[in-house]
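Architecture at a glance
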Amino acid sequence: TPVHCAVSALMDSNDIRGGRLDVISEESEQQDFSRESSTMEAYNVVPEPGGRTFQRFSVNTNESLRFEPCEDSCPSPTGAEDGYDDVFEKGECEGEVTSIRNQLQGKVAEMENFAGHLEEIFLTVEENFGRQEQHLEQHYNDVLQTLSQRYDDRETELQEEKKGKLESLYNQLVACGQALDTSKELIETAQEVYRCQDKRLFLKTVMPVIKRVEEFAKEDIDLSLSTSLEFITPLADLSDVKTMMDSINIVPAPSAPVINPQLPNSATQTSLHVCWSLFSDDTVEYYELYYRPVLEDTPADSTCAPQESKVKVKETHCTVTELLPNAQYELWVTATNTTGISPASEKALYMTVPSPPVIKQRECSSCPEAALIRWESGNTNPVDCYTVELSETGTVGTENNITESIVAVPTCQCLIQLQAGRQYLISVRAVNIGGPSDRSDAITISTTGTFFYLLEDTAHPCLSMSEDGFTIFYGDEELPITAMAFEDNTFTRCVAILGDLIPVRGRHYWEVEVDDETEFRVGVAYEDTERDAYLGANGSSWCMRHIRTRSRHKYEFLHNGWSPDLRITVHPVRIGVALDYDRGTLSFFNANLEQHLHTFHCHFHNYVHPCFSLDNPGALTVHNGIQAPDYTFI
């Protein structure tokens, strides 16, 4: 039959998948060569008028290019055996052979795909046949059970009818027997009275006998049968059996699908890949996947709930697109066939991948051993964690293949251990159950020296900053106290600002450039240093102070309001500051002259911040990210 032929063909496709594709490949190659015969004939031996004969060659798909000498070739007129002129160059032949081989490989790949498709069809047909066979067997058993039940019911009804007829006939027979007995008794009594010789006794007994005979004669005796001898044969109602027989060709409505929980890495920023399963005996023509975003502020029964969307597919999986990033979606699915629609599945919650974070470059800092990276989530909904990726760049800024990842970062900052004297590209991904987001815009981190930005939230209101954030200005105009906006973290008395030094113990170096007319204070301070005190006037700050007098430049190295008596003859325009946590030292240098000015010796219990103050109008520029000179940490 056609079905058997199709099944056998599909089984042959399985054999092809099992190991005979190579044979088909070789046959296909031979067929392709036969089709290329018109082209290949140009390569056969063709004698020319000059006596020159071409060489011929053969090509096999599993062999390299092979030239064969012509058996009937004639020697060259010059007598040189190896002096033949090839019509085609070897490169052109190899190119054509490669092209033919690529075509054959493409056809073999197409046949493999077709064989795989046939195998899938075979499995589908076999699975559907098994389902249909089970369906027919179930219907067959149901029909037999129904007919057997009808037979038993009809047999019981006939037995009841037979019993009723027999009881009725038996009662009628008993009544007839009683009537016969009564009539026999009356006849015998009448005969006895008639034979009686005593007239007086005859007259005395004859009247009661006559009266009994009259009463018996008055009784109406039914001599017809009390029941019919025919049995009732009602028409059997087999409509339900007919319905069952007709339903053999009707596929039952599918049961409710089961939507699978979301798998890791099953989403993108704007799409979700959803999978579900179905009862194996159900036949389905298509599925309808419903989805809508979940808004935390909207009640489930609210009329303002977001509108649901629908996708119609034939597979048990679907990729939903054009979604919001880092958003939670509610999904459910129904199955449909020719009979009807299944109940909806249980609703499942899926999440799209978050948006890329935004690195806050002005809040990142580094040193030769580490870097502190801070970023903003960039997402309304919270994310599970973050992944920081870094790759080392070459000397000219090209990215190497050395990539590292720091996973499961819970907060929006990460302290990364690095190697000194290198340059890195660092980016961040946000991660939730749907997968990781795209990379954020990368920033370049150099570990040549200590690098930090100034903390604007600590700046005195009279200070302003340059666009690059490394120069502070103290203007000539004095602001009234009422016009100054003081925050909790700003300096109120000293016109100062703190720097965001990386919280890493070790060695740090930066430089400060200032003109000789500007009075300033530079040094370090704890984060909780008093905001209403001058730098160096308390126990939480250490600084170098410059005072301009009419006669000279005066320098003080202040801590807790005390300074040693030092005199500096050459005014330092560029001041180097070297902080060594391990040794517990803070040193100041004249960077232009490589001259040591002073060193504080103190064990810093907590991390310190660079601090800068202007005591009169002027400007101060911070230079960081530079390598510490050799003389600073001797």
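Residues numbered from 1 in each chain as written. Predicted model: local features only at pLDDT ≥ 70, side-chain atom pairs only at ≥ 80, totals over all residues. Heavy atoms only, no water.

**Here's the deal with the overall build of the protein chain**
Looking only at helices and strands, the protein chain has 5 helices and 31 strands in total. Counting the 634 residues in the protein chain, one finds 37% classified as buried. In the protein chain, once contacts between residues fewer than 6 apart in sequence are set aside, the share between residues at least 24 apart is 68%. Surface accessibility of the protein chain: about 38,300 Å² in total, with carbon and sulfur atoms responsible for 52%. (Helix = DSSP H or I, 4+ residues; strand = E, 2+ residues; numbered from the N terminus. Buried < 20%, exposed > 50% of the residue type's maximum accessible area, 1.4 Å probe, protein only. Contact = heavy atoms within 4.5 Å. Areas by Shrake-Rupley, 256 points an atom, 1.4 Å probe, with all protein chains shown as cover.)

**Considering the pattern of salt bridges**
By the definition in use, this model includes 19 salt bridges. With a shortest N-O distance of 2.6 Å, arginine 439 and glutamate 389 are connected by a salt bridge. Of this pair, arginine 439 sits in the loop between strand 17 (435-436) and strand 18 (443-446) while glutamate 389 sits in strand 13 (residues 385-393), and the two are 50 residues apart along the sequence. Three or more residues are tied together by salt bridges with common partners; here these are Arg521, Arg545, Lys554, Glu556 and Asp615. (Salt bridge = Lys/Arg side-chain N within 4 Å of Asp/Glu carboxyl O.)

**A word on the sheet that holds strand 25 (residues 541-548)**
Strand order in the open sheet made by the 6 strands is 19-22-30-24-25-26, with antiparallel pairing throughout. Each end of this open sheet is capped by a strand with a single partner; those strands are strand 19 (454-455) and strand 26 (553-559). Direction of pairing for strand 22 (residues 496-499) relative to strand 30 (residues 608-614): antiparallel, over a ladder of 3 bridges. Across the sheet, residue isoleucine 497 finds its bridge partner in strand 30, namely phenylalanine 612. (Pairing = 2+ DSSP bridges.)

**Observations concerning the sheet that holds strand 29 (residues 595-601)**
Two strands in a sheet stick together by hydrogen bonds in their backbones, pointing the same way (parallel) or opposite ways (antiparallel). Taking strand neighbours across the sheet as the criterion, the 7 strands line up as 20-21-31-23-27-28-29 in an open arrangement whose pairing is antiparallel. Both edges of this open sheet fall to strand 20 (463-465) and strand 29, since each of them pairs with a single strand only. Direction aside, the axes of adjacent strands within the sheet are offset by 20° on average. Pairing geometry for strand 21 (residues 471-474) and strand 31 (residues 618-623), over 4 bridges, is antiparallel. (Axes fitted to C-alpha atoms, helices over the stretch in contact; angles between N-to-C directions.)

**With respect to the side chain of threonine 352**
Here threonine 352 is to be found in the loop between strand 9 (348-351) and strand 10 (358-359). Given a relative accessible area of 0%, threonine 352 falls into the buried group. At 2.6 Å, the side chain of threonine 352 forms a polar contact with the backbone oxygen of leucine 324. In this structure threonine 352 touches Ala267, Thr268, Gln269, Ser271, Leu272, Leu323, Leu324, Pro325, Asn326, Ala327, Tyr329 and Asn432, once residues within four positions along its chain are discounted. (Polar contact = N/O pair within 3.5 Å; in protein donor to acceptor, adjacent residues only side chain to side chain.)

**What to know about the packing of aromatic side chains**
Going through the model one piece at a time under the given rule, you end up with 14 aromatic pairs. Relative to phenylalanine 600, the ring of phenylalanine 588 lies with its centre 6.1 Å away and its plane at 80°, an arrangement referred to as edge-to-face. Highlighted residues: phenylalanine 588 in strand 28 (residues 585-590) and phenylalanine 600 in strand 29, separated in sequence by 12 residues. For the pair phenylalanine 588 and phenylalanine 600, a shared accessibility class is recorded, and that class is buried. Here the aromatic cluster, defined as three or more aromatic residues joined through ring pairs, consists of Tyr526, Trp542, Tyr581, Phe604 and Tyr607. (Phe/Tyr/Trp six-rings, centres within 6.5 Å; stacked < 30°, edge-to-face > 60°.)

**Considerations on unusual backbone geometry**
Here the phi dihedral of glutamate 322 falls at roughly 60°; this positive angle occurs in a residue that is not glycine. Inspection of the secondary structure puts glutamate 322 in the loop between strand 7 (317-320) and strand 8 (328-336). With a relative accessible area of 77%, glutamate 322 lands in the exposed category. Within the chain, alanine 408 stands out as a residue other than glycine whose phi angle is a positive 55°. Overall, the relative accessible area of 54% leaves alanine 408 in the exposed class.

**Topic: the nonpolar core**
Leu586, Phe588, Phe604, Phe612 and Leu620 are the most contacted members of the largest nonpolar core, which totals 36 residues. Counting residues in each nonpolar core, the second largest holds 20 residues, with Leu272, Val274, Val320 and Tyr329 among its members. (Core = buried A, V, L, I, M, F, W, Y, C linked by side-chain atoms within 4.5 Å.)

**Regarding helix 4 (residues 199-218)**
Taking 1.5 Å of rise per residue, 20 residues should cover 28 Å, and helix 4 covers 28 Å from first to last C-alpha, within 8% of that figure. At threonine 205, helix 4 is bent by approximately 30°, the largest bend along its length, and proline proline 208 sits one to four residues beyond. Residues of helix 4 that are buried: Val206, Val209 and Phe216. (Expected span 1.5 Å × (residues − 1). Bend = angle between axes of the 7 residues up to and from the residue.)

**Some words on the pairing of strand 31**
Residues Gly618, Leu620 and Val622 point to one face of strand 31 and are all buried, whereas Ala619, Thr621 and His623, pointing to the other face, are not buried. Where strand 23 (residues 507-514) meets strand 31, 4 bridges bridge the pair, whose relative direction is antiparallel. Residue pairing for strand 31: valine 512 is matched across the bridge by valine 622.

**What to know about the side chain of histidine 609**
As for its placement among the helices and strands, histidine 609 is situated in strand 30. Residue classification places histidine 609 among the buried positions, given a relative accessible area of 10%. Not counting residues within four places of it along the chain, the set of residues in contact with histidine 609 comprises Leu455, Leu498, Gly499, Asp500, Leu501, Gly523, Val524, Ala525 and Glu527.

**Comments concerning the confidence of the model for the protein chain**
Per-residue pLDDT for the protein chain averages 80, and the proportion of residues at 70 or more is 80%. Low pLDDT, under 50, characterises residues 1-85; the stretch is placed with 91 contacts to residues that sit more than four places away or in other chains. (pLDDT = per-residue confidence, 0-100.)

**Observations regarding the environment of lysine 360**
You can see lysine 360 is positioned in the loop between strand 10 and strand 11 (365-367). Separated by 52 residues in sequence, lysine 360 and cysteine 412 place their C-alpha atoms 10.0 Å apart.

**Digging into the environment of threonine 205**
Secondary-structure assignment places threonine 205 in helix 4. For the pair threonine 205 and valine 193, spaced 12 residues apart in the sequence, the C-alpha separation amounts to 7.0 Å.

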